[in-house]
Amino acid sequence: MTRGQARAGWFLLTPALLHSTIFITVPTFAAIFLSLTNYDFGGDWEWIGIDNYVELFRDAAFLKAFTNTVVYAVVVVPVAMALALTVALGLNQKIRGLAIFRTAFYIPTVTATVAVATVWLWIYNPGSGLANGFLGLFGFGPSQWLTSPDTALPSIITVGIWQGLGAKMIIYLAALQGVSTELVEAATLDGANRWQVFRHVTWPSIAPAQFFVLITSIVGTFQVYDLVYVMTQGGPGGATNVLVFDIYQHAFQGLRLGYASAETVIMILLISAFIALGAKLQGAGKK
């Protein structure tokens, strides 16, 4: 590589580097610094070290939000990825009305979350909602869905899976269309059945897309906020409180920016740990 090519490369990278510095690196270090203070908006601040972190892990509301967020991510990420891949495999076939099906699955992704949440509020309505009407067809009694601590979080999880399905499906579909037909035909001629073709040809071929979907899914699930804000406000009794909503409450309602920053740092570490685990599992799956 010549010096001119290197300069051209850095020049092309400049917008991305500026974006990362201004909107990721600087806010991250600011959050770390503020997490070690008792700063609130417009008031004085004092260096308090790790006191915010000590208080966090004694705070039952934070621990509940932490647990809810982990449960949400652990369920939504694998289930949504598996469903999206299944749908993509189906839509990768030559069937009539393919464009209509693809559009239908993708619509929830481009629909505003507030609109999605509003529709699902009607679906979960205990008196006239579609969900209880569907249960009634099979002889089951009505459920309280969003007002019961036992069903509120699973109800939010269901909406999260449904809303994110389209984006994952599109990525998988693009990856599947890039799988070498020659390799598939060669494996078929060698006597491989459909499962063997998928396991030994298709699955390794879509590994980069799989990893991309995994990482974006992890980040997206840990940042869930809109659904909770519109549908439950973290209730009932904190059953659907998640980290981002808890951060919002402490930062903009309680005006405890230092405490909220400590929660943000914990969330960053949690996301990093899940990404590292996902990368390790992805690497193990290639062996």
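It should be noted that the structure appears before, not after, this text.
Residues numbered from 1 in each chain as written. Predicted model: local features only at pLDDT ≥ 70, side-chain atom pairs only at ≥ 80, totals over all residues. Heavy atoms only, no water.

Caption draft 1: Representation of helix α7 (residues 152-176) within the structure. Helix length check: α7, at 25 residues, gives a terminal C-alpha distance of 36 Å against a target of 36 Å (1.5 Å per residue), a fit within 8%. Most pronounced at Leu-165, the bend in α7 amounts to some 40°. (Helix = DSSP H or I, 4+ residues; strand = E, 2+ residues; numbered from the N terminus. Expected span 1.5 Å × (residues − 1). Bend = angle between axes of the 7 residues up to and from the residue.)

Caption draft 2: A look at the packing of aromatic side chains. Counted under the stated rule, the structure contains 18 aromatic pairs. One aromatic cluster in this structure is built from Tyr-225, Tyr-229, Phe-245, Tyr-248 and Phe-252. Its guanidinium or amino end placed over the ring of Tyr-259, Arg-256 lies 4.3 Å from that ring's centre, counting from NZ or CZ. (Phe/Tyr/Trp six-rings, centres within 6.5 Å; stacked < 30°, edge-to-face > 60°. Lys NZ or Arg CZ within 6 Å of the ring centre and 35° of its normal.)

Caption draft 3: Quick look at the packing of helix α3 (residues 60-91) against α7. Where α3 meets α7, the axes come as close as 6 Å, and the angle between the chain directions of the two elements is 40°. The angle between the axes of α3 and α7 places the two elements in the oblique class. For the pair α3 and α7, the sense of crossing is right-handed. The residue inventory of the contact of α3 with α7, partitioned by class, reads 23 nonpolar, two polar and one charged. (Axes fitted to C-alpha atoms, helices over the stretch in contact; angles between N-to-C directions. Parallel < 35°, antiparallel > 145°, perpendicular 65-115°, else oblique. Left-handed = near helix turned anticlockwise from the far one by under 90°. Nonpolar A, V, L, I, M, F, W, Y, C, P; charged D, E, K, R; others polar.)

Caption draft 4: Quick look at the nonpolar core. The biggest cluster of nonpolar side chains holds 68 residues, and the ones touching the most others in it are Tyr-124, Tyr-172 and Met-231. Among the elements that take part in this core, α3 stands out by supplying 13 residues, more than any other. (Core = buried A, V, L, I, M, F, W, Y, C linked by side-chain atoms within 4.5 Å. Buried < 20%, exposed > 50% of the residue type's maximum accessible area, 1.4 Å probe, protein only.)

Caption draft 5: Quick peek at the side chain of His-250. Mapped onto the elements, His-250 comes out in helix α12 (residues 243-253). Sequence-distant contacts of His-250, that is, excluding residues within four places in its chain, are made with Asp-59, Leu-255, Arg-256, Tyr-259, Ala-260 and Glu-263. (Contact = heavy atoms within 4.5 Å.)

Caption draft 6: Region of the structure containing unusual backbone geometry. In this chain, Gly-235 is followed by Pro-236 through a cis amide linkage whose omega measures -5°. Relative to the helices and strands, Pro-236 resides in the loop between α11 (226-231) and α12. If you check the backbone angles, Trp-145 has positive phi at about 50° while not being a glycine. Within the secondary structure layout, Trp-145 lies in the loop between α6 (130-137) and α7. The backbone of Leu-255 sits at a positive phi, close to 55°, despite the residue not being glycine. Topologically, Leu-255 is positioned in the loop between α12 and α13 (257-286).

Caption draft 7: Main features of the packing of helix α4 (residues 98-110) against α7. Contact geometry of α4 with α7 gives a least axis separation of 6 Å together with a crossing angle of 125°. It follows that α4 is oblique to α7 by the angle criterion. For the pair α4 and α7, the crossing hand works out as left-handed. Across the interface between the two elements, Arg-102, Phe-105, Tyr-106, Pro-108 and Thr-109 from α4 touch Trp-162, Gln-163, Leu-165, Gly-166, Ala-167, Met-169, Ile-170 and Leu-173 from α7. Of the residues belonging to the contact of α4 with α7, the class tally is nine nonpolar, three polar and one charged.

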